[in-house]
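Now for the letters of each chain:
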Amino acid sequence: MKGKKGALLFFIAPFGLLFAAFYLAPIGYAIKQSLYKVERQGTFGKAQEVFGGLDQYVRVFSDGPFWDSIGRVLLFGVVQVPVMLGIALFLALLLDSGLVKGRRFFRLAFFVPYAVPGVVAAIMWGFLYSPNLSPFTAVTSAVDMLSADFVLWAMANVVTWVYVGYNMLIIYSSLLAIPQEVYEAARMDGAGAIRTALSIKIPLVMPAIILTTVFSIIGTLQLLAEPAVFRTFSSAVTSTYTPNLTVYSTSAIPNFNLAAAFSVVLALATCLLSFGFLKLTQRGGDK
């Protein structure tokens, strides 16, 4: 028994050390930093870091632009995530249906945008949206996608373009794991392709859909690359447009203590939304 425990510890230890060093330690350091503040003796006095308790969190919860950015990304997620996952599910079902010839080609083609770094994708789409630079001037001059009314949805399009293939691949892999005997039974009962997709395939890949939804919720609250790049194209994107951009801009001042407090609150909000969604789906599954 001791030998088994020793072997288990031997295999777990590398992961545990890396997890503690690169995940738990930064979280602990951020929490520690958020409990301090910088004070000066006089206007030009030397800056000194002192214990401030919850002072930084008071500033966070009274910071209107930060909570506006939270509301903005929640609106972004409510619209963009269902659209993105709906397209990903449709493409996965299409590839699994047998109606598409050259599945390997289309599977790779749908996934290729995910291989493009987010910053590069945002720059590319930013040029396409720009009225003075886009090759589609007839469209961009009629609809200014970089204006305050549309820039959020312009970024949503970029995120959707990048991540549809990634989510499609997860759902498609889950579809491939469904035993063929289930489809044979459905055909014997007279179920067509649409009925099979609605009554068998989608319910059986629901764990994969839930997983991709959780990933998407986390990614939505961590939105940074797209708004950071779009700031160079549009004046509508401010330094506090998204929560992560607020953290980045605050740390660039620099005010690391306040940035750490923003980060801790954002991490807690992400955990609450993610676990809340999981609990909601588990409760629905129990029914």
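Computed from a predicted structure; not experimentally measured. (Residues numbered from 1 in each chain as written. Predicted model: local features only at pLDDT ≥ 70, side-chain atom pairs only at ≥ 80, totals over all residues. Heavy atoms only, no water.)

1. Describing helix 3 (residues 64–96)
The condition that has to hold: For helices the rule is a DSSP run of H or I covering at least 4 residues; for strands it is a run of E covering at least 2, with both sets numbered from the N terminus onward. In this scheme, a helix's expected span is set at 1.5 Å multiplied by one less than its residue total. The angle between axes fitted to the seven residues ending at a residue and the seven residues starting there is what we call the bend at that residue. A 3.5 Å cut-off defines polar contacts: any pair of N or O atoms within that distance qualifies, except that in protein one atom must be a possible hydrogen donor and the other a possible acceptor, and neighbouring residues in sequence count only when both atoms are side-chain atoms.
With 33 residues, helix 3 extends 47 Å between its outermost C-alpha atoms, agreeing within 8% with the 48 Å of an ideal straight helix rising 1.5 Å per residue. Of all the bends in helix 3, the largest measures some 30 degrees and sits at Gly77. Sitting at the amino-terminal end of helix 3 is Asp63, which places a side-chain oxygen 2.9 Å from the backbone nitrogen of Phe66.

2. A few points about the packing of aromatic side chains
Cut-off, in case you're wondering: In this analysis, rings of Phe, Tyr and Trp, with Trp reduced to its six-membered ring, are considered paired at centre separations within 6.5 Å, and the interplanar angle assigns stacked below 30 degrees, edge-to-face beyond 60, and tilted for intermediate values. Only when the NZ atom of a Lys or the CZ atom of an Arg is both within 6 Å of the ring centre and within 35 degrees of the ring normal do we say a charge sits over the ring.
In the structure shown here, the tally under the stated rule is 17 aromatic pairs. Ring geometry for Phe61 versus Trp67: centroids 5.5 Å apart, planes at 25 degrees, classification stacked. Aromatic rings pair up to connect Trp125, Phe127, Tyr129, Trp161, Phe230 and Phe233 into one cluster. Here Arg72 stacks its cationic end above the ring of Tyr241, 4.4 Å away from the centre of that ring. Positioned above the aromatic ring of Tyr183 is the side chain of Lys201, whose terminal nitrogen or guanidinium carbon lies 5.4 Å from the ring centre.

3. As for the layout of surface pockets
The following threshold applies: Cavity and pocket criteria rest on a 1 Å grid covering protein atoms alone: a 1.4 Å probe that fits but cannot get out defines a cavity, protein on both sides within 12 Å along at least 5 of 7 lines defines an open pocket, and an atom within 4 Å of a point defines a lining residue. Grid points are joined across faces, edges and corners, and a volume is the space filled by probe spheres set on the points. Each residue gets one of three labels, nonpolar for Ala, Val, Leu, Ile, Met, Phe, Trp, Tyr, Cys and Pro, charged for Asp, Glu, Lys and Arg, and polar for the others, Gly among them.
Reported here for the largest pocket is a volume of approximately 780 Å³. Lining the largest pocket are 28 residues, and of these Tyr23, Ile27, Gln222, Ser263 and Ala267 sit closest to its centre. Per-element tally for the lining of the largest pocket: the top contributor is helix 13 (residues 256–286), with 13 residues. Tallied by class, the residues present in the lining of the largest pocket amount to 21 nonpolar, 7 polar and no charged. Forming the walls of the second largest pocket are 22 residues, and the residues nearest its centre are Leu93, Ser97, Ala193, Ala197 and Lys201. Of all the secondary-structure elements, those providing two or more residues to the lining of the second largest pocket are helix 3, helix 7 (151–176), helix 8 (180–188) and helix 9 (193–204).

4. Points about the nonpolar core
Let me state the cut-off plainly: For this analysis, a nonpolar core means a set of buried residues of the types Ala, Val, Leu, Ile, Met, Phe, Trp, Tyr and Cys, connected via side-chain atoms within 4.5 Å. In this scheme, a residue with accessible area under 20% of its type's maximum is buried, one over 50% is exposed, and one in between is partly exposed, where area comes from a 1.4 Å probe on protein chains only. Two residues form a contact once any of their heavy atoms are found within 4.5 Å.
By size, the foremost hydrophobic cluster in this structure holds 23 residues, and its most contacted members are Leu89, Met168, Ile171 and Val205. Within the residue set of this core, elements represented by two or more residues are helix 3, helix 7, helix 8 and helix 9. Broken down by element, this core gets its largest block of residues, 9 residues, from helix 3. If we ignore the near neighbours within four places in the chain, the residues touching Ile171 are Ala88, Leu89, Ala92, Val205, Ala208 and Ile209. Counting residues in each nonpolar core, the second largest holds 21 residues, with Trp125, Tyr129, Val151 and Val229 among its members.

5. Observations concerning unusual backbone geometry
Cis geometry is adopted by the peptide bond preceding Pro254, which originates at Ile253 and carries an omega value of 5 degrees. Mapped onto the fold, Pro254 is located in the loop between helix 12 (243–251) and helix 13.

6. Considerations on the packing of helix 7 against helix 10 (residues 206–221)
Selection criterion: Axes here refer to lines fitted to C-alpha atoms; in helices the fit is confined to the stretch in contact. Angles between the N-to-C directions go from 0 to 180 degrees. If an angle is under 35 degrees, it is roughly parallel; if it is over 145, roughly antiparallel; if it lies from 65 to 115, roughly perpendicular; otherwise it is oblique. Each crossing is labelled by how the near helix is turned from the far one, with a counterclockwise turn of less than a right angle marking it left-handed and a clockwise turn marking it right-handed.
At a minimum axis separation of 9 Å, helix 7 and helix 10 run at an interaxial angle of 160 degrees. Accordingly, the angle class assigned to the pair helix 7 and helix 10 is roughly antiparallel. When the axes of helix 7 and helix 10 are compared, the crossing they make is right-handed. Residues Tyr166, Asn167, Ile170, Ile171 and Ser174 of helix 7 lie in contact with helix 10, whose contacting residues are Ala208, Ile209, Leu211, Thr212, Phe215 and Ser216. Partitioned by chemical class, the residues of the contact of helix 7 with helix 10 number 7 nonpolar, 4 polar and no charged.

7. Some details on the pattern of salt bridges
Note the cut-off: The salt bridge criterion pairs a side-chain nitrogen of Lys or Arg with a carboxyl oxygen of Asp or Glu, the two atoms within 4 Å.
Scanning all chains against the criterion turns up 3 salt bridges. The shortest N-O distance in the salt bridge between Lys37 and Glu39 comes to 3.6 Å. On the accessibility criterion, Glu39 (39% relative accessible area) is partly exposed. In this structure, the salt-bridge partner of Asp96 is Lys201, at a minimum N-O distance of 2.9 Å. Of this pair, Asp96 sits in helix 3 while Lys201 is found in helix 9, placing the two residues 105 residues apart along the sequence.

8. Considering the side chain of Ser216
Mapped onto the fold, Ser216 is located in helix 10. Among the polar contacts listed, one links the side chain of Ser216 to the backbone oxygen of Thr212, at a separation of 2.7 Å. With residues near it in sequence (within four places) discarded, Ser216 still touches Val81, Met84, Leu85 and Asn167.

9. Comments concerning the environment of Ser235
With respect to the helices, strands and loops of the structure, Ser235 is situated in the loop between helix 11 (225–230) and helix 12. Its relative accessible area of 76% is what places Ser235 among the exposed residues. As for Ser235 and Phe105, which are separated by 130 residues in sequence, their C-alpha atoms are 40 Å apart.

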